[in-house]
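Structural characterization, general
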Amino acid sequence: MGTRTADAAVSALIDALGADAVAVEPQRLAEFRDPYTFQGWSAPDPVAVVSPGSVEEVRRVVVIANQHEVPLWTFSQGRNNAYGGASARVPGSVLVSLRRMNRVLEIDEELAYALVEPGVRFFDLYDAVRAASERLWISVPVLGWGSVVGNTLEAGWGYTPHGDHASHFCGLEVVLGTGELLRTGMGALPAGRAWQAHKRAFGPSTDGLFVQSNFGIVTKMGVWLMPKPEAYVHCRVQVPERDDVAGLAETLGPLLLDRTIQGVPLISLGPPPGRRWTARFGLYGRAPVVEAQLAVVRTAFAALPGAELEAVHYGADEVALGAGDMLERVMAGIPSMDAMAVVRLQGGEHGGQLDFSPVAPLRGADVLRLCELVRSHVEAAGFPYSPGLIVTPRSIIHTSHMPFDTLDEQRVGAAFELYPRLAAATAAAGYGIYRSHVRFMDTVAAQYDWGEGALGRLNERLKDALDPRGILSPGKQGVWGMAARARWGATALQAEASRRSGSRPGGRADDVGQPPDERARGAEL
Ligand code: ADP
């Protein structure tokens, strides 16, 4: 895109939204760089940050972007730091910040749901729910500063029974790439009364199309809340290092499948020496039911050699009053920024990290194999192995963080060089990544290549239909669309090439193509 096109687009945005809503000053734009890379590296610099204050303004931004063929890159809070923050994939983008659209529009105590705008942070929803009701809890990820909508659309996790955030939203309002506005589910009925109460309406379910996608800008989302439990018991189970992670996971599995445990357990590995695997999870509900669940949990872990279980009992309001450690509060749906201290502890004052998150089925042998695979790679590259395993009834998400000092180019480079190698190794072993840093979206998308890339082709066709000029977040999740392929030819061709070089069903491990050097590509952009 030429400078003149960018200037014309920015002028049109200022005319439409006012100068206060459009920032172009270099120091303002610098605030939205990926904060967790080496700052000396070149990045796909944006031309402006636009902050619409209403759905109508979002639509105007999309219409102007279409007229001037300027790429937009949307974020709600833009705090997704270990995955690239607010950083766009192509240069010359207009960043669309939805931080100003931060109203909690509705809280329904009886049916336990909220309707939120995209800029609502977990802190904001927590405050609004507490002000509105004595009877409701929310679910939060470990850092509370992100938005409910951004985290949910990225398929982020919390730890209460509603911790699978992408499964607990209900009903969206979306601006498509054409500027059209739509409501999904029961919201499509003009007089609809069950928009946040019932997920399925009539016809194909479209909600999933907007999760981890660049098909639309979400301007409203229904969020299911949980009834405040009468009792909350926080459990901590420790086992010695190494193979016992398999036993820990396999003991949790049946307890999750039959819903004795309804929260989302987190398994982590403590620091050396004397490293131990620890599983943390909550039991929630009416007091006698929770006591019965705890008895079942105790019996199950008594059968695991070396396991030590500690249970902390809380009444309904005790945790909110500040009791408990960070995870005890997070598992009670209380947002905080305490986890930030860990990033600083590991990476120093300018600490950052790159997150790597493959998924394995919840079978002991798979859990062990994935842990050892990641451990061997990260330790060989000189990073500490300190994973967090998010446990679901049938799978684990193995999150690990490669910490570095962002002023240390060599260490940041080591993390970014390790990522594609590790991604190739885990994909070859059968463990797919569920969410990635913006720089590796083509690499990861290329791995989901079953049927000669059938899924990738479907995504491209949907992109062409819903955003024909390809202006919404080009390249997000490795989806570009025809228009963006033509515009950013080199980049898009690389995306295609990397898609073709991915693994194929039945292929041997050494069939997996060497992923392209995404750092070099990032620098080119
Ligand atoms: P957080 O609010 O947790 O900081 P972000 O705002 O960074 O999360 O959002 C993470 C990603 O999710 C963004 O890069 C963007 O791709 C997508 N996203 C966030 N908000 C929206 C939205 N309102 N509509 C469409 N996609 C969104």
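Because the structure is predicted, anything quoted here is derived from the model rather than measured.

**Section: the overall build of the chain**
A tally of helices and strands in the chain yields 16 helices and 19 strands. Its C-alpha radius of gyration of 23 Å places the chain within 12% of the 24 Å reference for a compact globule of 525 residues. Principal-axis analysis of the C-alpha atoms gives the chain an extent of 70 × 55 × 45 Å. The burial tally for the chain puts 56% of its 525 residues in the buried class.

**Focus on the pattern of salt bridges**
On inspection of all chains with the given rule, the structure shows 23 salt bridges. The salt bridge involving R280 is made with E328; its shortest N-O contact spans 3.9 Å. On the criterion of sequence distance, the pair formed by R280 in strand β14 (residues 276–285) and E328 in helix α8 (residues 326–330) is long-range, its members being 48 residues apart. The burial state of R280 is the same as that of E328; both residues are buried. Between D467 and K463 there is a salt bridge, and its shortest N-O distance comes to 2.6 Å. As far as burial versus exposure is concerned, D467 and K463 are alike and both buried. Taken together, the shared-partner salt bridges in this structure form one network comprising R236, R280, E310, D325 and E328.

**Quick look at the side chain of H165**
Residue position: H165 is located in the loop between α5 (148–153) and β8 (169–176). With relative accessibility at 6%, the residue H165 sits in the buried group. Within the structure, H165 has its side chain in polar contact with the side chain of S139 (distance 2.8 Å). Reaching out from H165, the side chain makes a polar contact with the side chain of N151 at a distance of 2.8 Å. When near neighbours in sequence (up to four residues on either side) are disregarded, H165 contacts F122, S139, V140, P141, N151, T152, G156, W157 and G158.

**Some words on the packing of helix α6 (residues 244–257) against helix α7 (residues 287–302)**
Closest axis-to-axis distance for the α6/α7 pair is 10 Å, and the angle between their directions is 150 degrees. Handedness of the α6/α7 crossing: right-handed. In this structure, α6 uses L248, T251, L252 and L255 to contact α7, whose residues at the interface are V296, V297, A300 and F301. Residue composition of the contact of α6 with α7, by class: seven nonpolar, one polar and no charged.

**Here we look at the site of the ligand**
Taken together, 21 residues lie near the ligand, and S76, R79, S147, V218 and K476 sit nearest. In this structure, an oxygen atom belonging to the ligand sits 3.0 Å away from a main-chain N or O atom of Q77. One of the backbone N or O atoms of N80 is found 3.4 Å from an oxygen atom in the ligand. For the ligand, the protein covers 95% of the area, taking 540 Å² as the surface of the free molecule. For the shell around the ligand, the elements supplying multiple residues, two or more each, are β3 (72–75), α5 and β10 (216–224). Looking at which element gives the most residues to the shell around the ligand, the answer is α5, with four residues. The residue makeup of the shell around the ligand, split by class, is eight nonpolar, ten polar and three charged. Counting residues domain by domain, the shell around the ligand receives three or more from each of domain 1 (1–101 + 448–525) and domain 2 (104–227).

**Observations concerning the sheet that holds β10**
The five strands lie next to each other as β5-β6-β10-β8-β9, forming an open sheet whose pairing is antiparallel. The open sheet is flanked by β5 (104–108) and β9 (181–183), the only strands paired with a single partner. Pairs of neighbouring strands in the sheet enclose a mean axial angle of 15 degrees, with direction left out of account. Pairing geometry for β8 and β10, over six bridges, is antiparallel. Among the inter-strand pairings, F169 is bridged to a residue of β10, identified as V223. Contacting β8, β9 and β10, helix α3 (residues 55–68) crosses the sheet at an angle of about 45 degrees to β8. Where helix α4 (residues 122–132) meets the sheet, its contacts fall on β5 and β6 (113–116), and the angle it forms with β5 comes to roughly 45 degrees.

**Some words on empty space enclosed by the protein**
Per the stated rule, a full pass over the model turns up five cavities of 30 Å³ or more. The computed volume of the second largest cavity comes to approximately 100 Å³. What lines the second largest cavity is simply F122, L125, I138, S139, V148, T152, H162, H165, H168, V223, W224 and L225. Elements supplying a minimum of two residues to the lining of the second largest cavity: α4, α5 and β10.

Thresholds, definitions, all that
- Residues numbered from 1 in each chain as written.
- Predicted model: local features only at pLDDT ≥ 70, side-chain atom pairs only at ≥ 80, totals over all residues.
- Heavy atoms only, no water.
- Helix = DSSP H or I, 4+ residues; strand = E, 2+ residues; numbered from the N terminus.
- Rg over C-alpha atoms; globule rule 2.2 N^0.38 Å.
- Buried < 20%, exposed > 50% of the residue type's maximum accessible area, 1.4 Å probe, protein only.
- Salt bridge = Lys/Arg side-chain N within 4 Å of Asp/Glu carboxyl O.
- Polar contact = N/O pair within 3.5 Å; in protein donor to acceptor, adjacent residues only side chain to side chain.
- Contact = heavy atoms within 4.5 Å.
- Axes fitted to C-alpha atoms, helices over the stretch in contact; angles between N-to-C directions.
- Left-handed = near helix turned anticlockwise from the far one by under 90°.
- Nonpolar A, V, L, I, M, F, W, Y, C, P; charged D, E, K, R; others polar.
- Near = heavy atom within 4 Å.
- Areas by Shrake-Rupley, 256 points an atom, 1.4 Å probe, with all protein chains shown as cover.
- Domains from an automatic or database assignment.
- Pairing = 2+ DSSP bridges.
- 1 Å grid on protein atoms, 1.4 Å probe; cavity = no way out; pocket = protein on both sides within 12 Å on 5 of 7 lines; lining within 4 Å.
- Points joined across faces, edges and corners; volume = space filled by probe spheres on them.

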